[in-house]
Each structure stands twice: as C-alpha cells, then as structure tokens.
Amino acid sequence: MSLYTDYLAEIETRKAEGLHPKPIDDGALVAELIAQIEDADNAYRKDSLEFFIYNTLPGTTSAAGVKAEFLKKIILGEAVVAEIPPAFAFELLSHMKGGPSVAVLLDLALGDDAVIAAQAAEVLKTQVFLYEADTARLADAYKAGNAVAKEILESYVQAEFFTKLPELDDVVEVVTYVAAEGDISTDLLSPGNQAHSRSDRELHGKCMISETAQKEIEALKLQHPGKRVMLIAEKGTMGVGSSRMSGVNNVALWTGKQASPYVPFVNIAPVVAGTNGISPIFLTTVGVTGGIGLDLKNWVKKLDENGKPILNNEGNPILDQKYSVETGTVLKIDTKAKKLTSEDGEELADVSSAFTPQKVEFMKAGGSYAVVFGKMLQTFAAETLGVKAPLVFAPNKEVSHEGQGLTAVEKIFNRNARGTTPGKTLHAGSDVRVKVNIVGSQDTTGLMTSQELEAMAATVISPSVDGAYQSGCHTASVWDKKAQANIPRLMKFMNNFGLITARDPKGEYHAMTDVIHKVLNDITVDDWDIIIGGDSHTRMSKGVAFGADSGTVALALATGEATMPIPESVKVTFKGKMADHMDFRDVVHATQAQMLQQHGDNVFQGRVIEVHIGTLLADQAFTFTDWTAEMKAKASICISNDETLIGSLELAKHRIQVMIDKGMDNAAGTLAGLIAKADKRIAEIRSGEKPALTPDDNAKYVAEVVVDLDQIVEPMIADPDVNNADPSRRYTHDTIRPISYYGAEKKVDLGFVGSCMVHKGDMKIVAQMLKNIEKSQGKVEFKAPLVVAAPTYNIIDELKAEGDWEILQKYSGFEFDDLFPKTQNRTEYENILYLERPGCNLCMGNQEKAAKGDTVLATSTRLFQGRVVEDAADKKGESLLASTPVVVLSAILGRTPSADEYKSAVEGIDLTKFAPPVQAPATSRSAHF
C-alpha cells in the first residue's frame, strides 16, 4: 500500500461522512503525487494534479516544502507539466504564504536568470511572511550590490504588498441570521465537546450551531446572492466565554469568503453582530480573519421620567426595539460613513467602532497577521536601505493626558510598549505594540495554533519571550483514540518550537496534565509582565493576562509581541469584615452582584478590573482574576502588597523548580531563566528599588466598585436561570443568588470540585469536611456523586506530604491511575467520591460529562447550555456554580443546604480568609496563607 492509496481510502471514508478530501500536510504524500503527475500514463495523474494544486497545505508543512521545490523545477525548466506552466507555478508560490515558498522565490530572485529573477521579484513584493533567515538573505544581497534585492526592498519600504491590495467595498450588503437570543457563547459556534476536530476545518464546521441552522444559512445565501450572511446574537453579546478561533473559523466557513482558491476550507471576512456588540476577546479573533464585528444597539432600555430603567416583575430592564434584525432582513453596511442602514438607506446605527483605521487595515489585508508582519517588513526594509519609511499604515493612536496618573494596566503597557513616541506617556485608548513575556497554549486549541504557526511560516519561538507552555489539561480526563492521535503530535511540534510541554515527546518525564492557568500563574514571575494565552481564563494574579485566540497565541510565540488598545480600568476595593463561615468564592460572586447593584449595567465588560486584593497569595487571588472572564472583563490585575507578592514569587520559584526536577526544562534553560527572573524581582522589592505594582493616586478609572464584605452573610450561587421567561437572561453569569433562595430544596444530581477556580486550600477543605462529617455522624454517605479533580500534580504531592490525600482516598470509590488512564468518557456516576486526574475534567465538557438533564453544582466557571451538562428531552440541564464547601455539602445531602446546615458543616474549618489591606494574622491556621 502506498501513501496515495491510503489517502484514497481515507477519502472514501470521509465521503461517507459528507466530507471532501482532507487537505494534505505530508511531504511524502506530495512526493508521490509529483511522481504520478510526471508519469503521463499514470491512472492517478489527473487526480494527483488536482490534489497538488488545490489540496496541499501552505506555510511550513512538509507538504509545502516538497510542493515549493517542484514548482521551482518547473520555473527553471527542469520539469515540464503542461497544466502548470511557469507563470502558473509563480501564482501557486504566491499563495503559499511563506517558509519554503519564500526560500524558493528568493533563490529565483537572486539567481542568474534575469527574466526569472524579475518574475520572482514581482511575486516577492506581494509577500509579508518573511523571517530573519529570509530578510538576512535580502540584506546580504543588497549589500553585495544585487539590483533585484534593492528593488524588492524599495517595494517593501513603500509597503506595496499592502497598498496595492483592493480597497474595502464602499457598501457591504448583508442578510441577517439570528443564531440565538441572549448572549451567544462560543460553545454554540464551536462546542467544547468537539474540540478534537478543530484542526480539521471542514469536519469541525459541521458542529456549528446545528444542522438546521447550517441549512438555513445555506438557503439564505441562495436567496440573496452577492450578500453576506451576518450572524447575530439578538438581545445579547456575541462570542462570550472564550476567544475560540475555531468558532470564528466555523462562522467564516459558512458565511465568509475563501482566502485562496488553492487552500481549501480556509475562509475569511465573516460578519458577526450582537445587540450588545461582540465580546472583547472574540472581537480580536474576528480581526484575525479580517472580519466585521458590529454593535447593533437594536434594543434599548425603557426609561422612566427620571432616566432610570423600568424593570419588569423579575427585576430585569424592559427593552424597546429600535429596529428589527429578524432572520432574512437585508441591511447595508456603509464602510465609508460607518453607518448601518436599512435596505432602503435609512440610518439604523452608528458602527464607527467596527471601522477604526486599524480594523479597516485588517479587513483590507485579509486579517491582522498580514498587517503585523507587513509593518515589521517595512521597518526592516527602511533600516536596511537607510531611509525613512513613509506613513502607509494608520499611525498608532497615542492618547496622553497631561497631569493624569496611570492605572496599573497603563503602567504595564507603557513599560512594555514598542514603537511608540519616545518619552510620551500613554493612557487608555492608545493603540500599542507590546512585548509579551509569557505565552500559554492549551491542548484543544494547540493544534490550531501549530497550524497558524505553519501558515505564517514560523519555525522557532521568539527569543524575547521569557517562557511559554503547552498544556495537556483539556484532554486530561480521557486518553481516548482522539487524544492519542492528536496530543503526542501537538507536544512534539510545540517542544520543537521551543515551548515547555506538559508531555515529553520522548516520554522521559511524567505527563503533567496540570490546568494551564495554574501553570501560567506559576511561571509568571513579574507583576509587570504581559501574558497571552489560548483560553479566556488566561487571567493571572501577577501581571496582566489576556485570553486570546489560537492565532494571536501563534503571533505572540512567533514575534514576541501583541497589538491592542490600552484598556480602560475599573477599580475594585473592599470594606468591612468577611464572616468566618464565608469562603472567598462568595466574595467573588458578591463582587459581581454588588457591581450590578451599584451601577445598573455591567461596568466590567470590555475593561480591566484592577482589584486591590492586598494580602491574598497568588493561588487564592487567582480565584478572583479567573472569574473576571465571566464578568466579561477584558483582563484583571491584582494589586498586592510587597510581602504578599514576595511570598507568591517564592511559591512560584518552588513550583518551577519542581518542573525542572522532573526534567521539563529545555535546552534553552527557559525554566531556570524564570527562577533567575523571580530572584531579580524579589531583590528589587526588598531593596525598595521597585516595590510591588500600584496605580498612581491620580489615575483615572471608568468606574469604581466598593465591595462591602459585611453584606456577604450566606453562600452565593451563580445560576444559569434556565427557565427564565426572557431567553436573553438565561445562561448569563449575572444571576447571583444567596443559598437561602433555594429553600434547602433544590435537588443536586452531581457535585464537582475542580477546574482552574480551585487551589490546594480547596482540596484541604474537602478533606476537612469529610473528617468532620464522619466525626459528627459516624460515617459519610453521598446522596449525589462528588467528582474531585485537583488542578495540578504539585498540589497532590503537597496533599500527600501533609496527610490530606490519604483522607480523600479513604472516602473515594474511584481514584485515577496514570499507568492506566481512562479510555472512555464518564457520563454515568454512582453516589461516591471520584478522585479524578488533574486537569479540566467536567468544566471543559469535551470529555467528561454529566448525565443529560442533571442539575450540577460545581466550583468551575462555565454554566453555558450544553457545556457541563446537556438538556434531556424532559428537563433542561443546569450547571450552578458555588464554593467548594457548598458543593461538598450539597453532594452529601443530594440538595442545596440551608444557611444553618451550611454554617454547621463548616464550623471549625478555616476557609479562605480575606481582610484587605490587613496582613494575614500570625495565628491563622488557614491553608491559604
């Protein structure tokens, strides 16, 4: 059997599933295609030509390398293929984006044949994905007097690769498709339980929304030729929950435009919209594809004579419709006037925020990568020629207010800014290129990140990145055939690229399925760092972290940079005293509830939450920063005092050293370098040279929220409110209820203690509660299953050393076994305690799952429909979110407890103590200090 016949067999399998042939990334298979193309009598010649031309992946794949070399032979006359004359070979090279194709074009442009060199130069002038090896060749050739190299560099200085692209259409006609009412989670566009197929774009596209929705979108396209389908979140925000590049890819696949006729299933330029706009991190992903994201404002709050929102019986604002966007409505987007109009030209909304100069550039270039690389290429060419580059791209917006202090995020951006006006202090609203210190890639988006790196022809991590980690946590629960096929391949690629990887491709160290956010929190060793991670919960309690799509992660890995506006900030402080029986998770939920009470609207959305948390160590403070993704914040920053920050850095050093001891460091000594960086930062703080990050006293905030700890008297639960009469109020994280609301009657079918929201202290709380219940009742019986998944192996090791793991083992009916990991996902549970492998487990929803229609009480972050639990035919699934003690007690009772039952169960247990800005009392027995 040859690779080609194997490929034919795979094609037949995919055909049965309604799929086209999978794009080819294997150079050995392309070599077979070429052999069959060159054999005029070969029975497979015609199909081989089709696969070679239209179905071979570009970039740095091995397939691209073989394809580029064969095209070079055709151009040089060393091979003759009637269907691919030299001019067509050049066209094919122009669509291969970089890597081997650029190397071939440089070979030809700098070669001896003047005619071929001129043709190659014309193609090179359109390319932007050049790396150091490529630019070095051009610079050397120019210095040696090569006229073609000079001509190419002069074109790059003028940025002709951008200026010669077609301008945006003056008017974009769209036809609406309402995907759902209320907030649309990216899970609807790309379900977490289908994460395994994300890198197979056509296959993954079949999971978007529903088969019915896909047929309706196709019907709209047939009914409205020439118009683009605009996907809408009616009465909600589009793309909440995560950046989810696969979600944008799916939308583009069904509604966008093909990026290249020679690259299958890579579409760009989707149009998405929401009544309340687009979630910030999802909007970044839309920009990666050169898409349009609109804030419709088609429903507005009905106001009384005093300008206050009028509420309905459930306490929700009554909305008035300004204009209809029901499915099938034809609208026009005037890209020059930046207005949304009706089909007849009536103005409906100002959409200027969607058409900033920078966003328009992304649209013109077919995505943000081309602009980022284009700017770098123009700068290189200007420096090489010793000339000043003309202003081609929109200048970075630099906002500076004289006499105004800086918020914490403004300070971090100013410190890490690149290419800004020297000496100029920048405030919120400025567009800034910034150095990225730490990058994280997670395993269900990592394959897409690797594809993005290949597509942009990157082969090694930027030397300016301090540390980068590839996790294995989202696929930790079940080592099934999909994981076995995908994860080793991902780990090998990322390890070779220069990341620290959860799994050793050589199998020399134990697989670390630790939750990515916990690892990133540990390897962030400077409170002035900028972190980019492929997950919305990239929310560190040191530095400022931004959840991002797989493409932005790839860009950060390849260039060591990110580009974004400096966000506005909301300041959060605390007053009062936290009751002994309350857990810090309740403070987190109360912050959201009190913010809504104080401001009416969600002032956190799209902004940085600057939380003055004072004395909580990084592990515990992360509980707050992690939840800010659910608050719809863009990011968060913890303001800690000096000694607390030093304690957090010492803990980080210890955990990084554990990783080194396990053999996880690489040849570059990345982990050792992070320890050295932590030591330097600790020395700066202790000497007083550079204390812990704080904002200026005269910094300006959009809003301030003061959380009154005295008001938090009973546990708080985030409720998806699945039966709310208003669909737009379901599955938001804004419905925060006290436990007494449920009257100790709400049945709980499954409890889950795990995810990135828990830390070592939570595991100790579980152990303490079990001991206490046995002591008071003689035994522990569960009336509902309780799943416990520690977030990291470090925590398990520490629990074993301190005796808590033994307690958990005593009460468990199942304990994970790394030597024999589960190969099938669990969907049915007994009323026992399950000690599951470190990782995301139920929170991710792609492997483990609750039974359909269950009511789940969890410590995790996600309550979206279908994430943790799917609906049954007769009952909606519910994922309610609460603190660890509430979840444990509810699993034992089989229902939510009363306030008195809860107080009794936690009596004598030291929960997370929090009393900012007072230091932790020396007598505290809490596991959290």
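Each remark here, short or long, concerns the structure printed above.
Residues numbered from 1 in each chain as written. Predicted model: local features only at pLDDT ≥ 70, side-chain atom pairs only at ≥ 80, totals over all residues. Heavy atoms only, no water.

**Q** Tell me about the packing of aromatic side chains, and please be specific about residues and values.
**A** This model, assessed by the stated rule, comprises 20 aromatic pairs. Between phenylalanine 52 and phenylalanine 70, the aromatic rings sit 5.7 Å apart at their centres with planes inclined by 85°, giving edge-to-face as the arrangement. With phenylalanine 52 in helix 3 (residues 45–54) and phenylalanine 70 in helix 4 (residues 62–76), this residue pair connects regions lying 18 residues apart in the sequence. An identical accessibility class is assigned to phenylalanine 52 and phenylalanine 70; each is buried. One aromatic cluster in this structure is built from Tyr4, Tyr7, Tyr44 and Phe51. Here the guanidinium or amino end of arginine 826 rests over the ring plane of phenylalanine 814, the centre of that ring lying 4.5 Å away. (Phe/Tyr/Trp six-rings, centres within 6.5 Å; stacked < 30°, edge-to-face > 60°. Helix = DSSP H or I, 4+ residues; strand = E, 2+ residues; numbered from the N terminus. Buried < 20%, exposed > 50% of the residue type's maximum accessible area, 1.4 Å probe, protein only. Lys NZ or Arg CZ within 6 Å of the ring centre and 35° of its normal.)

**Q** I'd like a rundown of the environment of serine 185, residues and numbers included.
**A** One can find serine 185 in strand 2 (residues 184–185). Spatially, the C-alpha atoms of serine 185 and phenylalanine 864 are 7.0 Å apart, while their sequence positions differ by 679 residues. If sequence neighbours within four positions are ignored, serine 185 has contacts with Val240 and Phe864. (Contact = heavy atoms within 4.5 Å.)

**Q** Mind laying out the packing of helix 21 (residues 516–523) against helix 24 (residues 618–627), listing which residues take part and the relevant values?
**A** Following both chains from N to C, one finds helix 21 and helix 24 inclined at 125°, their axes separated by 11 Å at the closest point. Between helix 21 and helix 24, the angle is such that the two are oblique. The handedness of the crossing between helix 21 and helix 24 comes out as right-handed. Contacts between helix 21 and helix 24 involve His517, Lys518, Asn521 and Asp522 on the former and, on the latter, Ala618, Asp619 and Phe622. Each residue belonging to the contact of helix 21 with helix 24 can be placed in one class, and the counts come to 2 nonpolar, 2 polar and 3 charged. (Axes fitted to C-alpha atoms, helices over the stretch in contact; angles between N-to-C directions. Parallel < 35°, antiparallel > 145°, perpendicular 65-115°, else oblique. Left-handed = near helix turned anticlockwise from the far one by under 90°. Nonpolar A, V, L, I, M, F, W, Y, C, P; charged D, E, K, R; others polar.)

**Q** Lay out empty space enclosed by the protein with the relevant residues and their values.
**A** Vacant regions in the atomic arrangement are exposed by a probe of water-molecule size rolled over the atoms. The tally for this structure, following the rule as stated, stands at 9 cavities of 30 Å³ or more. By volume, the largest cavity is sized at about 220 Å³. In terms of lining, the largest cavity is formed by 25 residues, of which the most central are Gln442, His474, Asp535, Met844 and Arg867. Partitioned by chemical class, the residues of the lining of the largest cavity number 7 nonpolar, 12 polar and 6 charged. There is about 140 Å³ of room inside the second largest cavity. Around the second largest cavity, the lining is made up of 19 residues, and of these Val240, Gly241, Ser279, Ala629 and Lys632 lie nearest the centre. In terms of residue class, the lining of the second largest cavity is built from 7 nonpolar, 6 polar and 6 charged. (1 Å grid on protein atoms, 1.4 Å probe; cavity = no way out; pocket = protein on both sides within 12 Å on 5 of 7 lines; lining within 4 Å. Points joined across faces, edges and corners; volume = space filled by probe spheres on them.)

**Q** Quick one: what's the story with the sheet that holds strand 21 (residues 561–565), residue by residue and with numbers?
**A** The 3 strands lie next to each other as 14-15-21, forming an open sheet whose pairing is antiparallel. For this open sheet the edge positions go to strand 14 (417–418) and strand 21, each flanked by a neighbour on one side alone. In this structure, strand 15 (residues 431–435) lies alongside strand 21, joined through 5 bridges in antiparallel fashion. Across the sheet, the residue bridging to lysine 435 is glutamate 561, located in strand 21. (Pairing = 2+ DSSP bridges.)

**Q** Describe the pattern of salt bridges, listing the residues and the values that go with them.
**A** This structure, assessed with the given rule, holds 58 salt bridges. For glutamate 568, the salt bridge goes to arginine 607, with nearest N and O atoms at 3.0 Å. Of this pair, glutamate 568 sits in the loop between strand 21 and strand 22 (569–575) while arginine 607 sits in the loop between helix 23 (584–599) and strand 23 (608–614), and the two are 39 residues apart along the sequence. By relative accessible area, glutamate 568 is classed as partly exposed at 38%. A salt bridge links arginine 737 to aspartate 719; the shortest N-O distance between them is 3.1 Å. Of this pair, arginine 737 sits in strand 27 (residues 736–738) while aspartate 719 sits in the loop between strand 26 (716–718) and strand 27, and the two are 18 residues apart along the sequence. Among the charged side chains, a salt-bridge network with shared partners connects Asp522, Asp619, Arg655, Lys760, Lys764, Glu798, Glu802 and Asp804. (Salt bridge = Lys/Arg side-chain N within 4 Å of Asp/Glu carboxyl O.)

**Q** With reference to specific residues and values, describe the sheet that holds strand 11 (residues 330–334).
**A** Pairing between the strands of a sheet comes from backbone hydrogen bonds, and it takes one of two forms, parallel or antiparallel. Reading across the sheet, the 7 strands line up as 8-7-3-1-11-12-13 and stay open at both edges, with mixed pairing between neighbours. Of all the strands in the sheet, just strand 8 (292–295) and strand 13 (347–350) have a single pairing partner and so form its edges. Pairwise comparison of adjacent strand axes, ignoring direction, gives a mean angle of 30° for this sheet. Bridge count between strand 11 and strand 12 (residues 339–342): 4 bridges; the pairing is antiparallel. Residue pairing in the sheet places aspartate 334 in a bridge with lysine 339 of strand 12. Where helix 13 (residues 211–223) meets the sheet, its contacts fall on strand 1 (171–181) and strand 3 (228–234), and the angle it forms with strand 1 comes to roughly 160°.

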